[in-house]
Structure formats: C-alpha cells, structure tokens
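# Chains, contacts and geometry: an overview
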Amino acid sequence: MKRIVLTGFRGTGKTEIGRILAAQHRVAFLDTDSLIEQQTGRSIPDIFHEDGEERFRTIERDVIAGLPPADAVISTGGGAVVDPVNMAHLRRDSTVVLLTADLDTIEQRIARSPRPPLTNLPLREEIAEMLDRRRQNYRASADLCIDTSGTTPATAAVIINDRIGKGVPTPSARKEGLAFFRGGRLAAPALRRLEEVLASPPSDPLTRLLGVAGYPALHSRGPRLFNALFAEYGINCHYTFFEDPAIGRIMDLTRSLDVKGLSVTIPFKQDVMTLVDEVDEATRKIGAVNTVVFACGSATGYNTDWLGIRKPLVSLKGSKAVLLGAGGVASAAAFALVDLDMDVTILNRTPEKAKELAARTGCRWAAWDTFDQIHPDLVVNATPLGMEPDTRSPLRGEQVYPDLTVFDLVYTPPVTPLIEMALGRGCRTIQGTEMFIEQAKEQFWLFFGIDVPSETIRKYLS
Ligand code: NAP
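Residues numbered from 1 in each chain as written. Predicted model: local features only at pLDDT ≥ 70, side-chain atom pairs only at ≥ 80, totals over all residues. Heavy atoms only, no water.

## Side note on the sheet that holds strand β16 (residues 405-408)
Backbone-to-backbone hydrogen bonds join strands into a sheet, with any given pair of strands oriented parallel or antiparallel. Ordered in space as β14-β13-β12-β15-β16-β17, the six strands form an open sheet in which the pairing is parallel. Of all the strands in the sheet, just β14 (364-366) and β17 (428-430) have a single pairing partner and so form its edges. Taken over all neighbouring pairs, the strand axes of this sheet differ in orientation by 20 degrees on average, direction set aside. Pairing between strand β15 (residues 378-381) and β16: four bridges, direction parallel. Counterpart to V380 in the pairing with β16 is F407. Contacting β12 (320-324), β13 (343-347) and β15, helix α15 (residues 328-339) crosses the sheet at an angle of about 175 degrees to β12. (Pairing = 2+ DSSP bridges. Helix = DSSP H or I, 4+ residues; strand = E, 2+ residues; numbered from the N terminus. Axes fitted to C-alpha atoms, helices over the stretch in contact; angles between N-to-C directions. Contact = heavy atoms within 4.5 Å.)

Structure below.
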C-alpha cells in the first residue's frame, strides 16, 4: 500500500478510522496532533493558549515534514491542509482521504472535547466559519472524499478500502473514457498511457486524471507541464487532452471518470460556467472559467487568468493603463488592472464591446485610434495580434516610448512583434509566458493545495 493520509475537520473521524485502517493494513498509525503533544510535552490547547496559533502551526509544519515516507496511516490536524508546505509533504507518494461530516454531526461529536480557540465565536458558528474558510484547501487535498456523517468508523474504513482497491470510476465509465480518447487525435504514446490508466482492472486504481478541455486542445503545453510537476511532487495523477467540440460531453465524461481537475481553454471558457455547480466571486464578475476543480461530487469553476495577469504588474499599482481588446482574456485583464487600482481605458476594434466591458468592470473606453492621446504608463495587449503565424503588432513603433511598460498576453512566439518593438524603444516588457506561468501556478494550488515556485514552472516550460 501507499501511505494513507486522512484530512478533514475535527470530529470527522480521522483518529478512529485511521486506527482501524492501520490495524487492517498492519502498518503504523501516526496522528500529527499526538506527535506534537509528545514532542512538546504539552497539550494542543495549552500550546494555543500559551504560544498562540502561529507557533502551533510552525511545530505542526516541522512534525509533518518529519513524517516517515514508509507505509503508514497518518491522521492530520484539521488546519494542516491550509499550509502549502504541509500539502507538498502529505501528498508525496500518498493517497489523501478527505473525511467530511455535516455541521450537526461535527458539533455533536466535538461538543465535549477541549478545543483550541480558532475564533471568538460560539462552537457551532466557529465550525461553520472554519469549514467555509478551509473549504478550498480541503477539496484540494482530496484524492477520495468520504462523508462520515451517517456511518460508523468501521463502515467508513470498509468504504475507504473498497475505493483504494478498485478506484472510483466504474468499469463502464472506464470503457466509455477509452472510447472517447481512441476516437480523438491523441498521439500513440499519449493514448497508450491512457489505456493503462483506464484499463479494467486498472494498473493502479488510484491514478487520477486531469486535463485541458478545449477545441482544439492538442497545442496546449498543459500536459507537459503538469505531468512534470506530478513527477516532481510524487503525485499519482496523469494530465491529458480532453478535445471535443462539445464541452457538455467533456464535463459528463470528467465527472464519470472522477477527474480531479480541468484547465479550460478556447472556446469553452464562457460555456463551462453553466456546467459547474458553483463559481467563486471573481469568476462570476469576469464571466469566464479557466479552471474546474472536482471534489466530493461537485465541480467548482475558477478563473486564474486574472491572477496570472495581476502578479507581474503588482509594482505598477495605481498606474494609468490601456487595455487593447475586449474578449475573454481582456475581461480577466480588466478585473486584474482594476484590482490594482489602475486608471484603465479599454480600446477595441469593435467599440461596442469595449463599452460593454468598461461598464461591467468600472473602466473607461475609447476609440482604438485615441491611444496617442492617453499616454499611459502601461499597455496590455489582449488581442491575438502577433500570435503565430500573424506578424502584426497592435501598435506602431512611434506609439511606444521608454517609460511605457508593455505586457503582451500573446505567448506564441514568446517574443512577439510588439515585444520586439518595445525592447527596441527601451520599454520595460513583460511576455505572455509570465501570465501562463502564474495562472498555471494558481491552478496547481487549486488542484492540490501546493504552492509551486514560479521558477519550477518556468524550468518545465523552457
Ligand atoms: P477573444 O475572446 O476571441 O478576444 C479577442 C479580442 O481581440 C477581441 O476583443 C477582438 O476584437 C480582438 N481582435 C481580434 N482580432 C483582431 C484584429 N485583427 N485586430 C484588432 N483586434 C482584434 O480571445 P481571448 O480569449 O480574449 O484571447 C486573446 C489572446 O490572449 C489570445 O489570442 C492569446 O494569444 C492570448 N492568451 C494568452 C494567455 C496566456 O496565458 N498568456 C492565455 C489565454 C490567451 P473584436 O471584439 O473586434 O472581435
């Protein structure tokens, strides 16, 4: 067996279920809270009371980093999943089982046990608040998700063992998945790997799929990047291409195959919004989803494009900016620029679309040929002009000047005609690859709760 790691809120059964699983698999049971108490000689409530939560989290991080790599069942403290460093240690060569329970059950189970103070709220409100705050972290941690509300620990252990033995997708779902990929345009080595993952019985029932959903999708660099990251972090997943003209078909398939996550690309970023169960606030405002996380039977849509645009521009907070384009990526860019308190004017080939996006995001808009009158500190190109094989630049040479920062979101080629021209004029330039790197970093965090250094992603893309 691989290490089994149990995550979840207090009162979801981690300790009892963990003991049962460890006895059944004849391996050690390690409870990180007990290890902390043994190592410090103090109780958890005492550490919280005397040294505060921050100190507790430091000790917890050290204990998790020191866990043996050997087969074992590990039960983690309820807040351990929030720390990306913990998640990198816990995920390595392990199956992570998220235990959940409803509010009433958790309240009833922990009402009489001593608890460290996480908030100043009464117990029930504190549970609701913490479940909400940690929701994304718990979901990212889950390879398997087991609701323990109506089960005994022994029954929960039976369910976990069954899923570990057989995997979640049914044989008919695996067959349907194989037919989908065999009917597509995948190259032979990519198809062979999927035939291993989806075989009945599978070579490893716990290998989970992720992928890029698009039409076309085969140009995506996602599989190369994510599969390299899975190898680096010891994660038992495989990332592939979900290429089909119908996003509805892709979503049905990904749900039945228990896919962990999707990156969503052209032309599905808007349409997929109606096919997920929920979206976060930023995504709703932007109106496009580029990331779907599946966990515990539901699909959540996110937009990480805006974070990928925002990160390289943080030092330009409050600047005067021009955004070229009013399509899907421009919407994410407008949201990012406004979030950085910039004074933004949107210019677009079709002015009505610039007007509509400006009204939606709190920006100005103007005719395309007014660029010279604005004299911005920053220009962001969110049109496809300059994308291979197009060699056009959205601006002419005389329109760029040395104190202008030029961010071209086009990343094929990495040095676009606009970037080349801006470099020649002494401008600060930011290439579209930076957006790709930062949005992929955010996706990885949403999928697995792990914070990958940007440099690691850059290394695998070069
Ligand atoms: P989109 O929704 O189709 O929008 C394209 C925008 O560009 C529209 O505003 C369109 O104007 C304008 N446009 C298209 N052709 C033009 C032309 N010949 N002259 C002037 N304007 C033109 O596309 P999108 O999803 O926003 O993607 C835009 C670009 O972003 C992509 O081509 C890609 O290079 C880049 N991108 C980069 C990343 C990254 O990670 N770096 C990720 C995704 C996309 P109209 O309204 O007049 O049609």
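## Examining the pattern of salt bridges
Once the charged atoms of two side chains with opposite charge are near each other, the side chains can pair. In the structure shown here, the tally under the stated rule is 32 salt bridges. The residue E281 makes a salt bridge to R284 at a minimum N-O spacing of 2.9 Å. Here the residue E281 and the residue R284 both occupy positions in helix α13 (residues 281-286), the gap between them amounting to three residues, near one helical turn. Overall, E281 belongs to the partly exposed group, its relative accessible area being 45%. For K317, the salt bridge is made with D341, and the minimal N-O distance between the two is 2.9 Å. On the criterion of sequence distance, the pair formed by K317 in the loop between α14 (305-310) and β12 and D341 in the loop between α15 and β13 is long-range, its members being 24 residues apart. In the salt-bridge network here, residues are joined through shared partners; they are R42, E50 and D51. (Salt bridge = Lys/Arg side-chain N within 4 Å of Asp/Glu carboxyl O. Buried < 20%, exposed > 50% of the residue type's maximum accessible area, 1.4 Å probe, protein only.)

## Here's the deal with the domain arrangement of the protein chain
Once the domains are mapped, the protein chain shows domain 1 (3-166), domain 2 (171-302 + 451-461) and domain 3 (307-430). Inter-centroid distance (C-alpha atoms) of domain 1 to domain 2 is 28 Å. If you look at the interface, domain 1 gives 19 residues, while domain 2 gives 19 residues. Counting the surface lost from both domain 1 and domain 2, the interface buries some 1500 Å², and carbon and sulfur atoms represent 48% of this. Contact with domain 2 buries surface across domain 1, with R91, R92 and R139 losing the most and accounting together for 35% of the total. Joining domain 1 to domain 2, the criterion identifies one salt bridge. Among the salt bridges present, the one from E278 reaches R135, with a minimum N-O distance of 2.9 Å. Sorting the residues of the side of domain 1 that touches domain 2 by element identifies α5 (84-91), β4 (94-100), α7 (123-141) and α8 (153-166) as the ones contributing at least two each. Residues belonging to the side of domain 1 that touches domain 2 are distributed by class as follows: seven nonpolar, four polar and eight charged. (Domains from an automatic or database assignment. Buried area = accessible area lost by both parts, 1.4 Å probe. Nonpolar A, V, L, I, M, F, W, Y, C, P; charged D, E, K, R; others polar.)

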